Amino acid sequence: MDSLVVSNIRQRPLRSAISILGVALGVALVMLFTGLAHGMSDDLQKRSSNVRAEIIFTRPGSLQLTSSSANLNTRYVELLQKIEGVESATPVIRYFYPSGSFGVDQVEGVEWDGFSKMNNLRLVRGHAPNSPDEIVIDETKAARNHPVGSTLKVFGDKLYRVAGIYAPESGARAKMTLAALQDALEAPQKCTFIYVKVKNPDEQVAVAKRIDQAFPGNKIQFTREVFASIESSIPGLNIFLRVLVLLAAIVSALVIMLAMHTTITERTREIGILKAMGASRGYIISEIEREALLISFLGLIVGFALAAIAGFGIHKATGLIFSFGGWWALTAALIGLLGGALGAFYPAARAANLDPVNALAYE
Amino acid sequence: MATILKADNLEKVYRVGKVDVPALRGVSLAAQEGEFVAVMGPSGCGKSTMLHLLGGLLTPTKGRILIDGEDMTAASDAKRTDIRRRKIGFVFQRFNLFPTLTAEGNLRLAERIHGNGADDPGHRREILRLLRLEDKMHHKPLELSGGEQQRVALARAVVNRPAIVLADEPTGNLDSENSELVLKMFRELNNRFNQTIIMITHNPEAAAACQRIIQMRDGHIVN
């Protein structure tokens, strides 16, 4: 295409490539960070939605987003089962430990028979954990090269053998026997919380009231409220994402502004020629904006590709889950394009106001 | 023949630091439609300043310019640009082609700037054929000789059929053979299409091809 805009971009391939990468970086950052936040949130919600119990019975302060303690006596299991409306109860220790993947990971200690029956879990391969050094993992964790029979370092230096793989995903991705985790944590007859399944889900509020009356001083939560999205669990996450988006827009705008400023300085005489040919200010601005928008558009495509590749690579390496949503893709696209257009505007306006005689004489 | 260009008592003073430098000191001229006029004079006499004023690239300190009946001096920058776009074509000593566009691309750009929606490949090819560039249409300036580049510049200047062509030393960077060829093209445009041309030149042979010669010195027209 014999177009001034396209030919100008092709004339300086290295500079054009750097400008495109600058825009791509902003776009990719937005996609990766929002993709990670939504991916982890969606994953958490998916695993949470597979918990069939309606009520969590625990001690106040014992269960946080990234920490927990085993300070609830397991004798409450039997007592809770006697409450009118309760179908079943099962104890769980949830333990968070430092992990290279995301800083922290978790494992649950459960009584497999009761837990799996309550939450409709099935073993797709292998068998339930029988000994203190056996664990079962979900299919997502198994897909990261952890087949039945392999070993995993869950926490500390001790290796645990993968006895089985279960589905669907529910809660922590790795589960061991309750007794094994009680031993490891030196918390005999303790758990973090007790899942309570009610006979009639419509009566869960009434059942919760009965539990509270029977065992005051404890914390009773509904699973539908506890397993909220990461965004609502981490205060300020939305603000962080918005600030990130703003910074990405600024990065894109600055890259384009610098590129256009340099380009215009080099092409001062060409701008003088355009003016001598009768090009209006608006025409000159529109030509420069078109060039910036083309660079931004190419940066957009590269940015999306970079985000997809990086997201795939990070997921493969760490297990982190990305979820790239249409709304944020549109936001990233607008950021790339608007950032480019705004960044080019000042150099374009300066170019349009150049004195034509001086511009023609420019060397 | 109608008066296509009229300049009355043009003055132009440049402010250089704290000093006022008068480039034109009261120049009046007129050109009829279809005239081929040469402007000659020593360096610094104000020839280029006058040409830039006539083309609306500069505003005079005093005086008045009418281009095909439209007053350039009273016009805003946007209006002068509009008059220049519609009525004036420029040819420069340094060719001033866009290096990233082909010969035809340079002409198409001029059509696009003209903004009348015209994209007339037939007309472009006719102009290029007239200027003996039909086999150079798809060549970029770096692939053309000096004479060919200047002919492309001339084609670009006339593609929109302007009322006036203003040429600033169009043969200044050419050898004698190419100079003669370019001047021949100017004459042909003038004869065949009644194109009004005002040309600055130091070359007496080039001036001899014109119908009228204006001599300038020290910001005045002396002859």
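Predicted, not measured: the structure shown is a model, and the values here were computed from it. (Residues numbered from 1 in each chain as written. Chains lettered and ligands numbered in written order. Predicted model: local features only at pLDDT ≥ 70, side-chain atom pairs only at ≥ 80, totals over all residues.)

A.B. asks: Can you explain the overall build of chain B? Please cite residues and give values.
C.D. replies: Within chain B, the secondary structure is distributed over seven helices and 10 strands. Along the three orthogonal principal directions, the C-alpha set of chain B runs to about 50 × 40 × 40 Å. Across chain B, the fraction of contacts at a sequence separation of at least 24, relative to all contacts at a separation of at least 6, is 71%. (Helix = DSSP H or I, 4+ residues; strand = E, 2+ residues; numbered from the N terminus. Contact = placed C-beta atoms within 7 Å.)

A.B. asks: Requested: an account of the overall build of chain A, with residues and values cited.
C.D. replies: Along its length, chain A carries 14 helices and 12 strands. The dimensions of chain A, computed from C-alpha atoms along their principal axes, are 95 × 45 × 30 Å. Once local pairs closer than 6 in sequence are excluded, the contacts in chain A between residues at least 24 apart make up 83%.

A.B. asks: Hey, could you go over the environment of Ala17 of chain A for me, with residue numbers and the actual values?
C.D. replies: Considering the arrangement of structural elements, one finds Ala17 of chain A in helix α2 (residues 13–49). Here the alpha-carbon distance between Ala17 of chain A and Gly299 of chain A, two residues 282 residues apart in the chain, equals 8.8 Å.

A.B. asks: Describe the packing of helix α1 (residues 4–11) of chain A against helix α12 (residues 281–318) of chain A, naming the residues involved and giving the relevant values.
C.D. replies: To characterise two packed helices, one gives the angle between the axes of the helices and the distance between these axes. Residues and elements named next belong to chain A. Here α1 crosses α12 at 55°, and the two axes come no closer than 9 Å. By the angle class used here, α1 and α12 are oblique. In the packing of α1 onto α12, the handedness of the crossing is right-handed. Across the interface between the two elements, Leu4, Val5, Asn8 and Ile9 of α1 pack against Glu287, Arg290, Glu291, Leu294 and Ile295 of α12. In terms of residue class, the contact of α1 with α12 is built from five nonpolar, one polar and three charged. (Axes fitted to C-alpha atoms, helices over the stretch in contact; angles between N-to-C directions. Parallel < 35°, antiparallel > 145°, perpendicular 65-115°, else oblique. Left-handed = near helix turned anticlockwise from the far one by under 90°. Nonpolar A, V, L, I, M, F, W, Y, C, P; charged D, E, K, R; others polar.)

A.B. asks: Quick one: what's the story with the sheet that holds strand β3 (residues 36–40) of chain B, residue by residue and with numbers?
C.D. replies: All names here are of chain B. The strand order across the open sheet built from six strands is β6-β7-β8-β3-β9-β10, with neighbouring strands paired in mixed fashion. Lying at the two open borders of the sheet, with one neighbouring strand each, are β6 (88–91) and β10 (220–221). Two strands pair when backbone bridges link them, and β3 and strand β8 (residues 196–200) are joined in this way by four bridges, in the parallel orientation. Residue pairing in the sheet places Ala38 in a bridge with Met199 of β8. (Pairing = 2+ DSSP bridges.)

A.B. asks: I'd like a rundown of helix α1 (residues 47–54) of chain B, residues and numbers included.
C.D. replies: Note on helix geometry: an α-helix contains 3.6 residues per turn, so any two residues three or four positions apart are oriented the same way. Residue and element names in this part refer to chain B. The buried fraction of α1 is high, at eight of eight residues. Residues of α1 that are buried include every one of Lys47, Ser48, Thr49, Met50, Leu51, His52, Leu53 and Leu54, and no others. Among the residues trailing α1, Gly56 stands out with phi positive, at a value near 75°. (Buried ≥ 20, exposed ≤ 12 C-beta atoms within 10 Å, placed from the backbone.)

A.B. asks: So what's going on with the domain arrangement of chain A? Which residues, and what values?
C.D. replies: When the domains of chain A are assigned, the result is domain 1 (4–43 + 235–361) and domain 2 (52–226). Averaged C-alpha coordinates put domain 1 of chain A and domain 2 of chain A at centres separated by 48 Å. (Domains from an automatic or database assignment.)

A.B. asks: Describe in detail the interface of chain B and chain A, supporting the description with residues and values.
C.D. replies: At the junction of the two partners, chain B supplies 19 residues and chain A supplies 15 residues. Put simply, the parts of the chain that give the side of chain B that touches chain A at least two residues each are α2 (77–87) and α3 (103–114) of chain B. Per-element tally for the side of chain B that touches chain A: the top contributor is α3 of chain B, with six residues. Of the residues belonging to the side of chain B that touches chain A, the class tally is nine nonpolar, six polar and four charged.

A.B. asks: Pulling in residues and values, what's your account of helix α11 (residues 268–276) of chain A?
C.D. replies: A large share of α11 of chain A lies buried, amounting to seven of its nine residues. Every buried residue of α11 of chain A is accounted for by Glu270, Ile271, Gly272, Ile273, Leu274, Lys275 and Ala276 of chain A. Structurally, α11 of chain A contributes buried residues whose contacts are with α10 (237–266), α12, α13 (326–352) and α14 (356–361) of chain A together with β6 of chain B. Looking at the residues trailing α11 of chain A, positive phi occurs at Gly278 of chain A, about 100°.

A.B. asks: Describe the sheet that holds strand β1 (residues 3–16) of chain B, and please don't skip the residues or the numbers.
C.D. replies: Residues and elements named next belong to chain B. Spatial ordering of the open sheet is given by β2-β1-β4-β5, a layout of four strands whose pairing is antiparallel. The open sheet terminates on both sides in strands that have one partner only, identified here as β2 (19–32) and β5 (70–71). Pairing of β1 with β2 involves 11 bridges; the strand directions are antiparallel. When the bridges of β2 are listed, Lys12 appears paired with Leu24. The strands that α1 touches are β1, β2 and β4 (62–67); relative to β1, the one it contacts most, it runs at about 120°.

A.B. asks: I'd love a proper account of unusual backbone geometry, names of residues and values included.
C.D. replies: Phi is mostly negative for residues that are not glycine, and the peptide bonds are mostly trans. In this model, Ala167 of chain A is joined to Pro168 of chain A through a cis peptide bond whose omega is -5°. Position of Pro168 of chain A among the secondary structure elements: in the loop between β8 (159–167) and β9 (174–177). Its identity is not glycine, yet Asn194 of chain B carries a phi of approximately 55°, on the positive side. Following the sequence through the fold, Asn194 of chain B ends up in the loop between α6 (176–193) and β8. On the neighbour-count criterion, Asn194 of chain B (11 C-beta atoms within 10 Å) is exposed.

A.B. asks: Residue-level account of the environment of Lys175 of chain A, with values.
C.D. replies: All names here are of chain A. With respect to the helices and strands, the residue Lys175 is situated in strand β9. Overall, the presence of 27 C-beta atoms within 10 Å leaves Lys175 in the buried class. On a C-alpha basis, the gap between Lys175 and Ile137 in space is 6.3 Å, while along the polypeptide they are 38 residues apart. Once residues lying within four places of it in the same chain are set aside, the contact partners of Lys175 are Val107, Glu108, Val110, Ile135 and Val136.

A.B. asks: Quick rundown of the pairing of strand β7 (residues 164–168) of chain B? Include the residues and the values.
C.D. replies: Residues and elements named next belong to chain B. The element β7 is largely enclosed, with a buried count of five among its five residues. On β7, burial covers both faces: Ile164, Leu166 and Asp168 on one face and Val165 and Ala167 on the other are all buried. Of the pairings in the sheet, the one linking β6 to β7 comprises four bridges and is parallel in character. Pairing of Gly89 across the sheet is with Val165, part of β7. As paired elements, β7 and β8 share five bridges and run parallel to each other. Residue pairing in the sheet places Ala167 in a bridge with Met199 of β8. Note that the unit made of β7, α6 and β8 has a crossover that is right-handed. (Right-handed = clockwise from strand over helix to strand, strands pointing away.)

A.B. asks: Before we move on, could you go through the packing of α2 of chain A against α10 of chain A and cite the residues and values that matter?
C.D. replies: All names here are of chain A. Taken N-terminus to C-terminus, the directions of α2 and α10 make an angle of 175°; their axes are 9 Å apart at the nearest point. The orientation of α2 relative to α10 falls into the category roughly antiparallel. Across the interface between the two elements, Arg15, Ser19, Gly22, Val23, Leu25, Gly26, Leu29, Val30, Phe33, Thr34 and Ala37 from α2 touch Leu237, Leu241, Leu244, Val245, Ala248, Ala249, Val251, Ser252, Val255, Ile256 and Ala259 from α10. Here the residues of the contact of α2 with α10 are counted per class, giving 16 nonpolar, five polar and one charged.

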